[in-house]
Amino acid sequence: MIRIGKTIWKKSIEEFLIYRTTSIITFVLALIFLIIELVTGNIYYADNRSIPGWTENQYFILITFVNSSTYVYNIFFILGHEELNDDILEGNLDYVLIRPSSSYWLSAIRGIDIPSIFNFIITYILLIIFLNKEVITQFQFIVVNILIITTALMIFVLNQICLTLLFWFNGLVGLGGVVEDLFNFASRPTKIFPKIIQNIFVFVLPILLATNITNEFLKYGIQSYFIYYLILLVLFYVISRFLWRLGIKKYVSAN
Amino acid sequence: MKKIKKYMPILYLGMKDNLVFRSNIILTIILQVANLAVSLWIWNLLLPHSDFINMARYLILTNTTTLIFTTTPLYYLAGLISSGRLSMYITKPISLFWYIFLYSFGRQFYILIFYLVLLVILSNNFIIVVFLFFYFIVANFMFFNLMLLLGELSFWIINMWPLRNGINAIYLLLGGLYFPLNMLDKRIYSWLQYNPFSLVTDVPARLIISGGNTNAIIKYFFVVFLWLVGFNFLRKYIFKIGIKKYEGVGA
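Since the model is a prediction, treat every value here as computed from it, not as a measurement.

**Overview of the overall build of chain B**
Part 1 of the reasoning: Secondary structure summary: chain B contains 12 helices and zero strands in total.
Part 2 of the reasoning: Starting at the N terminus, the α and β elements of chain B follow one another as α-α-α-α-α-α-α-α-α-α-α-α.
Part 3 of the reasoning: In summary, chain B has a C-alpha radius of gyration of 19 Å against a globular reference of 18 Å for 251 residues, a match within 12%.
Part 4 of the reasoning: Of all 251 residues assigned to chain B, the portion counted as buried reaches 52%.
Part 5 of the reasoning: Looking at chain B alone, contacts between residues at least 24 apart form 80% of all its contacts between residues at least 6 apart.
Part 6 of the reasoning: Surface accessibility of chain B: about 12200 Å² in total, with carbon and sulfur atoms responsible for 71%.
Part 7 of the reasoning: Separation between the mean location of the 20 positive side-chain charges and that of the 6 negative ones in chain B comes to 13 Å.

Next comes the structure, spelled out in structure tokens:
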């Protein structure tokens, strides 16, 4: 296991240094997304406007938190998922399936995206700056860090499920990017959505829960929703592994 | 005449693919509607009712234009380059540019009709509608050239996903999909309004809602034309450089 990890890390560093243009463009474009979200938040709160119950700082915590989680997901899983997307559609999955390691993890972790590490550092620093303005305890800070990892894992598991669905819905190319788009829409305060949307995306498909969890935690501490979130994460992980096993059986190779 | 006959099946293919691969189109529309809905819900909380109505009209118009001026050609060309399938097309005696353009236009077709109907309903100024009709033709070519130009980046970068993120974000901001561009600082807005993304979304929306004088109309037409010439030239030039770096094998 450790040898695989070391090999992947070495390969990723080499790719990062060889494909410098790609690395720079990746870094710049991902950063643009964060900047635009912050500018938009600025506009929302300009002219004395405000979202009831949310200060501008709390809104920025929401944005930087979601982006931090997204960049953590990007660092470890985006390269794997991009390749998995193409491989399933083109029937190229053989190399992954023949190996004597878990095909589930092998297909998901094919490389570490180094530019995203820089993006993460920038976003994380911003998050800390905004958190400092709220005056939080050390315990709260530790929990927020855990939440970043948790939400990143939630993004991973949901993406994995969507990609596995490609085994069945072969023509639906857009499925690979749905989770990313959903998380973009959901990086807003829960209360702006109609009740029914809130109920679906908090309790059934916990995307709103995943994005708002830090702000909820900072306001109300650890309550039932917190445990519920962790349980759902484990549940979706189990579902994704189950679907993956089913999907491989349905897989038709193009070789 | 013969040339046009040669390319017609491609246009037809684009229109047909819309119906055959329905689910993809439906998914795209659903996601765009979701984006619009989120923006509307937020502004509903932030603005008093009368201001919100104006905001809603603007956002609906900009979000619909996004469905016409899509980033599809960008990813199509990028896909051809990164998978090596480009070799198939450049060795054939057809123009790659017109192939992708007609295919994309075929796919735009139904949304375009829907938008024009929307235009006639929402606007009370006949001159603006006629102007926008011609404006869209030129703007379509301009935007298409821009998309191909950005797709040619694929000659140099190995991953496509950062492009998706970044271009999407730029389109969201400059296309006025989150908020009207004139809410930005005046000093920035005075030159930012002439960027190609805003010219196809923000400008038509504002013209429809608040009308415009002949001077403004001619000004925007001229700027679109300038961008068109510039992007066309860059596209050809970058392609020449990029094809030298092209590996032609699946990446």
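**So, the UniProt feature "transmembrane region" (unreviewed entry) in chain A**
Part 1 of the reasoning: Cross-referencing UniProt, the feature "transmembrane region" (unreviewed entry) maps to residues 24-47, 59-79, 114-132, 139-159, 165-184, 196-214 and 226-244 of chain A in the present numbering.
Part 2 of the reasoning: What you have in residues 165-184 of chain A is 55% helix and 0% strand, and the ends, taken at the C-alpha atoms, are 21 Å apart.

**With respect to the packing of aromatic side chains**
Part 1 of the reasoning: Using the criterion set out here, one finds 52 aromatic pairs over all chains in the structure.
Part 2 of the reasoning: Centroid distance F69 of chain B to F143 of chain B: 5.7 Å. Interplanar angle 70 degrees. Geometry classified as edge-to-face. In this pair, F69 of chain B sits in the loop between helix 3 (49-68) and helix 4 (72-83) while F143 of chain B sits in helix 7 (residues 126-151), placing the two residues 74 residues apart along the sequence.
Part 3 of the reasoning: The interplanar angle of 75 degrees and the centroid separation of 6.0 Å between the aromatic rings of W98 of chain B and F141 of chain B together place this pair among those described as edge-to-face. Of this pair, W98 of chain B sits in helix 6 (residues 96-122) while F141 of chain B sits in helix 7, and the two are 43 residues apart along the sequence.
Part 4 of the reasoning: Judged by relative accessible area, F141 of chain B falls into the partly exposed class, the value being 24%.
Part 5 of the reasoning: An aromatic cluster of at least three residues, connected via ring pairs, comprises Y73, F76, F77, Y104, W105, F156, F167, W168, Y237 and W244 of chain A.

**Focus: the UniProt feature "transmembrane region" (unreviewed entry) in chain B**
Residue and element names in this part refer to chain B.
Part 1 of the reasoning: Those residues carrying the UniProt feature "transmembrane region" (unreviewed entry) are residues 21-43, 55-76, 96-121, 127-150, 162-181 and 217-234 in this numbering.
Part 2 of the reasoning: As a span, residues 21-43 carries 96% helix and 0% strand, and end to end its C-alpha atoms are 34 Å apart.
Part 3 of the reasoning: The distance separating the terminal C-alpha atoms of residues 55-76 is 33 Å; by composition the span is 86% helix and 0% strand.

**Considerations on helix 12 (residues 214-245) of chain B**
All names here are of chain B.
Part 1 of the reasoning: Spanning 32 residues, helix 12 covers 46 Å between terminal C-alpha atoms, matching the ideal 46 Å at 1.5 Å per step.
Part 2 of the reasoning: Every buried residue of helix 12 is listed here: A216, I217, Y220, V223, V224, L228, F231, R235 and G242.
Part 3 of the reasoning: Looking at the packing, one finds that the buried side of helix 12 touches helix 6, helix 7, helix 10 (196-200) and helix 11 (202-210).

**Looking at unusual backbone geometry**
Excluding glycine, residues mostly have negative phi values, and the peptide bonds linking residues are mostly trans.
Residue and element names in this part refer to chain A.
Part 1 of the reasoning: Although it is not a glycine, N48 adopts a positive phi angle of roughly 65 degrees.
Part 2 of the reasoning: Mapped onto the elements, N48 comes out in the loop between helix 2 (20-44) and helix 3 (56-90).
Part 3 of the reasoning: Owing to a relative accessible area of 81%, N48 belongs among the exposed residues under this scheme.
Part 4 of the reasoning: Of note, V135 is a non-glycine position whose phi angle comes to about 60 degrees, a positive value.
Part 5 of the reasoning: Turning to its location among the elements, V135 is positioned in the loop between helix 6 (114-134) and helix 7 (138-165).

So, how was this worked out
Residues numbered from 1 in each chain as written. Chains lettered and ligands numbered in written order. Predicted model: local features only at pLDDT ≥ 70, side-chain atom pairs only at ≥ 80, totals over all residues. Heavy atoms only, no water. Helix = DSSP H or I, 4+ residues; strand = E, 2+ residues; numbered from the N terminus. Rg over C-alpha atoms; globule rule 2.2 N^0.38 Å. Buried < 20%, exposed > 50% of the residue type's maximum accessible area, 1.4 Å probe, protein only. Contact = heavy atoms within 4.5 Å. Areas by Shrake-Rupley, 256 points an atom, 1.4 Å probe, with all protein chains shown as cover. Lys, Arg positive; Asp, Glu negative; His and termini not counted. Charge placed at Lys NZ, Arg CZ, Asp CG, Glu CD. UniProt positions renumbered as here; feature names shortened; annotations may be inferred. Phe/Tyr/Trp six-rings, centres within 6.5 Å; stacked < 30°, edge-to-face > 60°. Expected span 1.5 Å × (residues − 1).

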